[in-house]
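What the coordinates show
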Amino acid sequence: MTDALEHLRFPSVAEAAGRTIGAEEVEAVTRVLRSGMLNSVWGTETRALEREMAALHGVGHAVAASSGTAAIHLAVAAAGPDPGDEIITSPITDFGTVGPILAQNAVPVFADVDPVTGNLDPAAVESAIGPRTKAIVAVHLFGATAPAELRQIADRHGVPLIEDCAQAWLARYPDGRLAGTAGAIGCFSLQQWKHITCGDGGLTITDDADLARRMRLFADKGWPRDKGRRHQTFGLNYRMTELQAAVARAQLAKLPGVLARRRATAHRLLAELGPLPGLHLAADVDRHAWWLMPIVLDAGLPVGNQEFASALAARGIPARPGYLEEALNHAPALTGAPVYGSSRFPLDAGHAPAACPRADQLVGRTLVVLDWNEAYTEEHVTAVVAAIRAVHREVTGR
Ligand SMILES: *Cc1c(COP(=O)(O)O)cnc(C)c1O
């Protein structure tokens with residue numbers, strides 16, 4: 001045994017030690033069960049969660065959904081693409097960003113990303129815009145806001161900007177605005193791996209009453225509960241349950257604390273590490289949501305992300321290469337598999353997603369992600385700093 005730190009346990013979001021689930025959540029679930037009302041149409045918890053989410057973000061409306069993917073589906077449906085219309089998004093994201101675009105019979109158009117942040121490159125988005133573009137879905141990757149300029153681009157072309165904030169709870173733009181409030185709609189996830197969780201769950205926020213109404217109808221079978229029993233529009237059942245909502249309310253109350261703790265340890269890490277030649281770490285500690293801690297290697301380093309992540313993992317650090325198996329423009333779901341039955345509609349028979357070489361470079365060669373967690377202590381940070389320094393020294397000889 002050469003290094004005692006090798007045995008330090010890192011709490012993860014997959015266990016109680018790395019989650020903020022406590023007496024409040026137990027009380028919340030019990031309260032709902034005792035009430036006998038588990039459904040949000042007649043219950044009070046989901047509506048209260050929506051009010052609290054809207055208030056937290058200073059917007060007029062929030063609509064709950066059964067997952068983050070469902071929340072994005074509400075947003076895409078509200079944007080109203082015609083079948084075959086295009087929606088621009090990032091190839092480095094969860095499939096939950098892309099699936100809803102196909103589900104609304106729209107074509108996902110991938111624009112390339114910044115080689116360091118992995119967020120959409122505004123110039124690439126601008127050049128991907130065509131006559132059939134109906135929306136832009138920006139992803140705030142790992143908790144760093146995508147460029148605010150995307151809003152101006154969306155405005156200039158008369159299409160809504162949808163913000164996928166699943167990884168960016170309480171992230172802030174450089175001007176101080178919260179992620180999710182710069183575009184027409186912000187979408188959030190409460191899935192197990194996110195900052196706060198109720199197992200699965202989603203929320204959308206908007207200041208636009210018409211978009212909010214459309215999303216609410218889509219989440220509830222097109223049924224305007226306050227105005228009779230006729231199904232006004234096509235919709236599905238994407239409702240959150242009262243059990244989910246009660247837990248999510250307790251978690252939402254803890255969210256500022258979760259962010260404060262993740263930011264404090266990220267701050268410590270970056271301060272102790274200082275600049276290391278050949279490595280790029282995220283900055284803007286207090287705006288970043290630190291869902292993960294990305295490390296981007298210079299493409300010219302003698303080792304790539306596989307080796308770098310393995311070397312960190314060998315030292316007991318929860319590090320992985322690439323974040324994705326492949327950028328999503330290469331996923332079989334988009335390159336050849338049928339979408340509905342044997343049909344590839346809305347994709348043309350010969351449809352091939354655009355190349356995104358900078359996304360490929362990140363996933364395949366330069367991007368390493370470390371799990372980050374609000375339960376990390378000084379000891380964890382010290383261990384991560386020591387491991388990054390050691391691997392960096394090995395790799396660069398410095
Ligand atoms: C998690 C995630 C989603 C999907 O959310 P689910 O709640 O898992 O459906 C969408 N986009 C991004 C960027 C995510 O990280």
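For the structure itself, consult the block above.
A brief structural summary. All values reported here derive from a predicted model rather than from experimental measurement. (Residues numbered from 1 in each chain as written. Predicted model: local features only at pLDDT ≥ 70, side-chain atom pairs only at ≥ 80, totals over all residues. Heavy atoms only, no water.)

Let's shift gears to helix α8 (residues 242–273). Taking 1.5 Å per residue as the helical rise, α8 with its 32 residues ought to reach 46 Å, and the 44 Å between its terminal C-alpha atoms agrees with that figure. K254 marks the point of greatest bend in α8, at about 45°, and the proline P256 comes within the next four residues. Just past α8, the residue G274 takes up positive phi, approximately 60°. (Helix = DSSP H or I, 4+ residues; strand = E, 2+ residues; numbered from the N terminus. Expected span 1.5 Å × (residues − 1). Bend = angle between axes of the 7 residues up to and from the residue.)

Within the largest apolar cluster, 39 residues are counted, with the highest numbers of intra-cluster contacts made by I92, V125, I136, F142, L150 and Y323. Ignoring any residue separated from it by four or fewer positions in sequence, one finds L150 in contact with L120, P122, V125, A138 and L161. Counting 34 residues, the second-largest nonpolar core is a separate cluster that includes L273, A282, L301 and Y376. (Core = buried A, V, L, I, M, F, W, Y, C linked by side-chain atoms within 4.5 Å. Buried < 20%, exposed > 50% of the residue type's maximum accessible area, 1.4 Å probe, protein only. Contact = heavy atoms within 4.5 Å.)

Neighbouring the ligand are 14 residues, the closest being G68, T69, D164, S189 and K194. In the model, an oxygen atom of the ligand is placed 2.7 Å from a nitrogen or oxygen of the S189 side chain. Coverage of the ligand by the protein amounts to 93% of the 380 Å² it exposes when considered alone. For the shell around the ligand, the leading source of residues is helix α3 (residues 68–79), giving three residues. Residue classes in the shell around the ligand are distributed as three nonpolar, eight polar and three charged. (Near = heavy atom within 4 Å. Polar contact = N/O pair within 3.5 Å; in protein donor to acceptor, adjacent residues only side chain to side chain. Areas by Shrake-Rupley, 256 points an atom, 1.4 Å probe, with all protein chains shown as cover. Nonpolar A, V, L, I, M, F, W, Y, C, P; charged D, E, K, R; others polar.)

The way to describe two aromatic rings as a pair is by their centre distance and the angle between their planes. Tallied over the full model, the rule gives seven aromatic pairs. Seen from their ring centres, F218 and F234 are 5.7 Å apart, and the 80° between their planes marks the pair as edge-to-face. Residue F218 is found in helix α7 (residues 209–219), and its partner F234 is found in the loop between α7 and α8; the two are separated by 16 residues along the sequence. If you follow R177 out to its NZ or CZ, it ends over the ring of Y173, 5.5 Å from the centre. (Phe/Tyr/Trp six-rings, centres within 6.5 Å; stacked < 30°, edge-to-face > 60°. Lys NZ or Arg CZ within 6 Å of the ring centre and 35° of its normal.)

Burial within strand β9 (residues 292–297) is extensive, with six of its six residues counted as buried. Pairing of β9 with strand β11 (residues 367–371) involves five bridges; the strand directions are antiparallel. Paired with L292 across the bridge in β11 is D371. (Pairing = 2+ DSSP bridges.)

What follows deals with helix α4 (residues 95–103). Across the nine residues that make up α4, a large majority, seven, are buried. Among the structural elements, α3, β2 (86–89), β3 (107–110), β4 (133–139), β5 (161–164) and α10 (332–335) are those in contact with the buried residues of α4. Its side-chain oxygen placed 2.6 Å from the backbone nitrogen of G96, D94 serves as the N-cap of α4. Directly beyond the C-terminal end of α4, a positive phi value near 60° is found at N105.

Here seven strands make up an open sheet; going across it, the order is β1-β7-β6-β5-β4-β2-β3 and the pairing mixed. The open sheet has two edge strands with one neighbour each: β1 (61–65) and β3. With strand direction ignored, the average angle separating the axes of adjacent strands in the sheet is 25°. Bridge analysis of β1 against strand β7 (residues 202–206) gives five bridges, and the strand direction is antiparallel. The residue bridging A62 from the neighbouring strand is I205, located in β7. In the packing of α4 onto the sheet, contacts are made with β2, β3, β4 and β5, and the angle to β3 comes to roughly 140°. (Axes fitted to C-alpha atoms, helices over the stretch in contact; angles between N-to-C directions.)

Another point: the sheet that holds β9. Strand order in this open sheet of four strands is β8-β9-β11-β10, and the pairing throughout is antiparallel. Either end of the sheet is taken by a strand with one partner, and the two such strands are β8 (279–281) and β10 (319–321). When strand polarity is set aside, the average angle formed by the axes of neighbouring strands in this sheet is 25°. Contacts from helix α11 (residues 357–366) reach β9 and β11, with the element oriented near 95° to β9.

A few words on the packing of α3 against α4. At a minimum axis distance of 8 Å, the contact between α3 and α4 shows a crossing angle of 40°. Here α3 is positioned oblique relative to α4, judged by the angle of their axes. Classified by chirality, the crossing of α4 by α3 is right-handed. Mapping the contact onto sequence places T69, I72, H73 and V76 in α3 and G96, T97, P100, I101 and A103 in α4. (Parallel < 35°, antiparallel > 145°, perpendicular 65-115°, else oblique. Left-handed = near helix turned anticlockwise from the far one by under 90°.)

Okay, the pattern of salt bridges next. Using the criterion set out here, one finds 27 salt bridges in the structure. In this structure, E374 and R262 form a salt bridge, with 2.8 Å as the shortest nitrogen-oxygen distance. You can see E374 sitting in the loop between β11 and α12 (378–396) and its partner R262 sitting in helix α8, a full 112 residues away along the chain. There is no split in this pair, since E374 and R262 are both buried. Between R268 and E272 there is a salt bridge, with its nearest N and O atoms 3.9 Å apart. Of this pair, R268 and E272 both sit in helix α8, four residues apart, which is roughly one turn of the helix. Residue E272 is classed as partly exposed on the basis of its relative accessible area, which comes to 35%. Salt bridges here are not isolated pairs; linked through shared partners, they connect E27, R31, E45, E52 and R249. (Salt bridge = Lys/Arg side-chain N within 4 Å of Asp/Glu carboxyl O.)

Spatial relationships are all this shows, so hold off on functional conclusions.
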